[in-house]
Amino acid sequence: MVSYRLALNDILSLPNERYAGNGIVVNEPTRQLMLRIENSLFRLQAMGDDERRELWIRADPGTLEEWISYEKMLEWGSVENYEEYLELWKEESSEDNLWYRIVSASYKDFHQFIVSDNIHGLVDLRTIPYVDYKGFDNSKACDLTKPLGNIADAIDSLVENILSDNGKEYVDFVEKNLPYGKREGTIHRRKLYQLADIDPLKEFDKKKLINILTSKEKPIEYEEMTLRIYIQMWAKCYRALHQNQYEGISDTELFKHSSKGYEALNLDFDLPSDFQEWDDACSFAHCFDVVYARVHLWVRRNETTGKYGFVLGTRSVWNLSQYLLIAETLDAQGIRISYTDLDAILPLLREEDLVEITPYAYRYFQGNGIGEQMDLCLFSEDIQPLVIANTNWKSQPHPTPSPLKM
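Just so it is clear, the model here is predicted, and its values are computed rather than measured. (Residues numbered from 1 in each chain as written. Predicted model: local features only at pLDDT ≥ 70, side-chain atom pairs only at ≥ 80, totals over all residues. Heavy atoms only, no water.)

Trainee: Please explain the overall build of the protein as it appears in this structure.
Mentor: Secondary structure assignment for the protein yields 15 helices and 14 strands. Relative to a compact globule of 406 residues, whose C-alpha radius of gyration would be 22 Å, the protein shows 27 Å and is clearly more extended. For the protein, the spread of C-alpha atoms along the principal axes amounts to about 70 × 55 × 55 Å. Of all 406 residues assigned to the protein, the portion counted as buried reaches 48%. Within the protein, counting contacts between residues at least 6 apart in sequence, those at least 24 apart form 68% of the total. When the accessible surface of the protein is summed, it comes to about 20900 Å², and 48% of that surface belongs to carbon and sulfur atoms. Positive and negative side-chain charges of the protein, numbering 44 and 67 respectively, have mean locations separated by a distance of 5 Å. (Helix = DSSP H or I, 4+ residues; strand = E, 2+ residues; numbered from the N terminus. Rg over C-alpha atoms; globule rule 2.2 N^0.38 Å. Buried < 20%, exposed > 50% of the residue type's maximum accessible area, 1.4 Å probe, protein only. Contact = heavy atoms within 4.5 Å. Areas by Shrake-Rupley, 256 points an atom, 1.4 Å probe, with all protein chains shown as cover. Lys, Arg positive; Asp, Glu negative; His and termini not counted. Charge placed at Lys NZ, Arg CZ, Asp CG, Glu CD.)

Here it is as structure tokens:
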């Protein structure tokens, strides 16, 4: 057993928030504790840029009597009665909530210490708001000496333990006990769908969609591109997602739903130069969005023919059903355009890609064969063991002694 003690209350006493995206800047006494932690971790090999080191650490929940008092919880509005208080204690002290990733890094005069539960909690302590920041008002700095002092003691003990056997006991302990909800791994999509009925695209004809997306039929092209032509195609895409909702509304009126639609209304819809003016003012993520910042209808010039055509794209797997519905609807109307992001979309439709199981699951295609991210908590309790057993889990970082600082 790795020998150290870190009270859960010390972790929970740290402010779990960010200020203006620049972390929580600490006062001088707390800064000294951060440097003590940094120096202790410097006895281990760096694990990334900016002198980055990280470790998993398990907090001791202690007893109910040691936890935040029932009266305080009532005062804060966290609970309404004693039964809720006991239920919250049970949740907070469960094994899933006792593991924290600690990260220390530095660059020039900027020092950072992060405590994360790898789910939603993040403590981001800094000596200054960001690298090369000048003129910080120290009166706004945060004093966290009490909890951080106890955390520093625990980290000192943990590092001593790691140095004693090159981290073997620590790694064995983490690999054996770290909850899977805090780990990352990959599973083949087809296998995952066999285990769990979670396919969000099961109502689509995937084979037909693959044929639509990979069709060799020549897409529609235009000698010149104008706002009128663009708005007409954009409106077809938008109506595909809102069928029968906007009957009787003109395409021009509907285009106001575009993120930059209003800015086009003062231009001449039939002048290519006015379309180009609007195009030049657009950003990659906005203006061309059929679904705000997620599904885009771009205009591309064919370098061979010199003509203009449309390209539908998305990098958001969470919006893939909307992308596919547009493709399906345009095909049914006999309209052929081009489609992009097929490097991720086609393997997903064929169920040949990987799904990454991670607490950091987000909307975007990940590349390297990973088409989607999912959080283990999305699966029911009876399915989770099956997902765990069939997932290829990443090994946890193995800390080793630094040859420079023993």
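Trainee: Before we go on, may I ask you to explain empty space enclosed by the protein in this structure?
Mentor: This structure, assessed with the given rule, holds one cavity of 30 Å³ or more. In this model, the largest cavity occupies a volume close to 30 Å³. In terms of lining residues, the largest cavity is bounded by Glu 54, Leu 55, Trp 56, Arg 101, Tyr 170, Gln 396 and Pro 397. Here the lining of the largest cavity gets three residues from one element, more than from any other, and that element is strand E2 (residues 53-58). Class assignment of the residues belonging to the lining of the largest cavity gives a composition of four nonpolar, one polar and two charged. (1 Å grid on protein atoms, 1.4 Å probe; cavity = no way out; pocket = protein on both sides within 12 Å on 5 of 7 lines; lining within 4 Å. Points joined across faces, edges and corners; volume = space filled by probe spheres on them. Nonpolar A, V, L, I, M, F, W, Y, C, P; charged D, E, K, R; others polar.)

Trainee: For this particular structure, what's the right way to read the pattern of salt bridges?
Mentor: Oppositely charged side chains may form a pair once their charged atoms are brought near each other. Evaluation of the coordinates by the stated rule reveals 28 salt bridges. Between Arg 189 and Glu 372 there is a salt bridge whose closest N-O contact spans 2.9 Å. Remark: Glu 372 occurs in strand E13 (residues 370-374) and Arg 189 occurs in helix H7 (residues 189-195); sequence separation between them is 183 residues. Among the residues examined, Arg 189 registers a relative accessible area of 0% and is labelled buried. The partner of Lys 307 in a salt bridge is Glu 223, with the nearest N and O atoms 3.5 Å apart. On the criterion of sequence distance, the pair formed by Lys 307 in the loop between strand E9 (295-301) and strand E10 (308-314) and Glu 223 in the loop between strand E7 (221-222) and helix H9 (227-241) is long-range, its members being 84 residues apart. A cluster of three or more residues bridged by salt bridges with shared partners is formed by Arg 190, Asp 199, Lys 206 and Glu 351. (Salt bridge = Lys/Arg side-chain N within 4 Å of Asp/Glu carboxyl O.)

Trainee: I tried to follow the sheet that holds strand E5 (residues 122-126) on my own but got confused; where do I start?
Mentor: Across a sheet, strands are paired by hydrogen bonds formed along the backbone, either parallel or antiparallel in direction. Taken in spatial order, the five strands of this open sheet run E1-E5-E4-E3-E2, and their pairing is mixed. Where the open sheet ends on each side, the last strands, each with one partner, are strand E1 (24-25) and E2. Inspection of the sheet shows strand E3 (residues 99-107) paired to strand E4 (residues 110-116) by seven bridges, in the antiparallel sense. The partner of Arg 101 across the bridge, within E4, is Ser 116. Together, E2, E3, E4 and E5 form the strand contacts of helix H5 (residues 145-165), whose direction differs from that of E2 by roughly 105°. Sheet strands in contact with helix H6 (residues 168-177) are E2 and E3, and its direction is about 60° off that of E2. (Pairing = 2+ DSSP bridges. Axes fitted to C-alpha atoms, helices over the stretch in contact; angles between N-to-C directions.)

Trainee: How should the sheet that holds strand E6 (residues 185-188) be read in this particular structure?
Mentor: Across the sheet, four strands lie side by side as E13-E12-E6-E14; this open sheet has mixed pairing. One side of each edge strand has no neighbouring strand; the edge strands of this open sheet are E13 and strand E14 (392-393). In this structure, E6 lies alongside E14, joined through two bridges in antiparallel fashion. When the sheet's bridge partners are listed, Gly 185 is paired in E14 with Trp 393.

Trainee: Is there a simple way to think about the side chain of Ser 316 in this case?
Mentor: Along the chain, Ser 316 turns up in the loop between E10 and helix H13 (320-332). A relative accessible area of 1% places Ser 316 in the buried class.

Trainee: How should I be thinking about the nonpolar core in this particular structure?
Mentor: One broad rule of soluble globular proteins: the nonpolar side chains tend to lie buried together. Residues Leu 213, Tyr 230, Trp 278, Leu 297, Tyr 323 and Tyr 339 are the most contacted members of the largest nonpolar core, which totals 54 residues. Secondary structure elements with two or more residues in this core: helix H8 (206-213), H9, helix H12 (272-280), strand E8 (289-291), E9, E10, H13 and helix H14 (342-349). With 10 residues, H9 is the single largest residue contributor to this core. Apart from the residues lying within four places of it in its own chain, the contact partners of Tyr 339 are Ile 212, Leu 213, Val 311, Leu 312, Tyr 323, Ala 327 and Leu 330. (Core = buried A, V, L, I, M, F, W, Y, C linked by side-chain atoms within 4.5 Å.)

Trainee: For this particular structure, what's the right way to read H8?
Mentor: Residues spaced three or four apart along an α-helix face the same direction, because each turn holds 3.6 residues. Within H8, burial applies to Lys 206, Leu 209, Ile 210, Ile 212 and Leu 213. Seen end-on, H8 carries its buried residues on one side only, within an arc spanning 160°. What points out from H8, more than 90 degrees from its buried face, is the exposed set Lys 207 and Asn 211. Packed against the buried residues of H8 are H7, H13, strand E11 (338-339) and H14. (Arc of directions from axis to C-beta.)

Trainee: Mind showing me how you'd approach the packing of aromatic side chains here?
Mentor: Each aromatic ring pair is described using two quantities: the centre-to-centre distance and the angle formed by the ring planes. A complete count under the given rule lists 23 aromatic pairs for this structure. Ring plane angle 80° and centroid distance 5.9 Å describe the contact between Tyr 230 and Phe 288, whose orientation is recorded as edge-to-face. Here Tyr 230 is found in helix H9, whereas its partner Phe 288 is found in the loop between H12 and E8, with 58 residues between them in sequence. The burial state of Tyr 230 is the same as that of Phe 288; both residues are buried. Ring geometry for Trp 318 versus Tyr 362: centroids 5.6 Å apart, planes at 75°, classification edge-to-face. Note that Trp 318 is positioned in the loop between E10 and H13 and Tyr 362 in the loop between strand E12 (354-357) and E13, a separation of 44 residues in sequence. (Phe/Tyr/Trp six-rings, centres within 6.5 Å; stacked < 30°, edge-to-face > 60°.)

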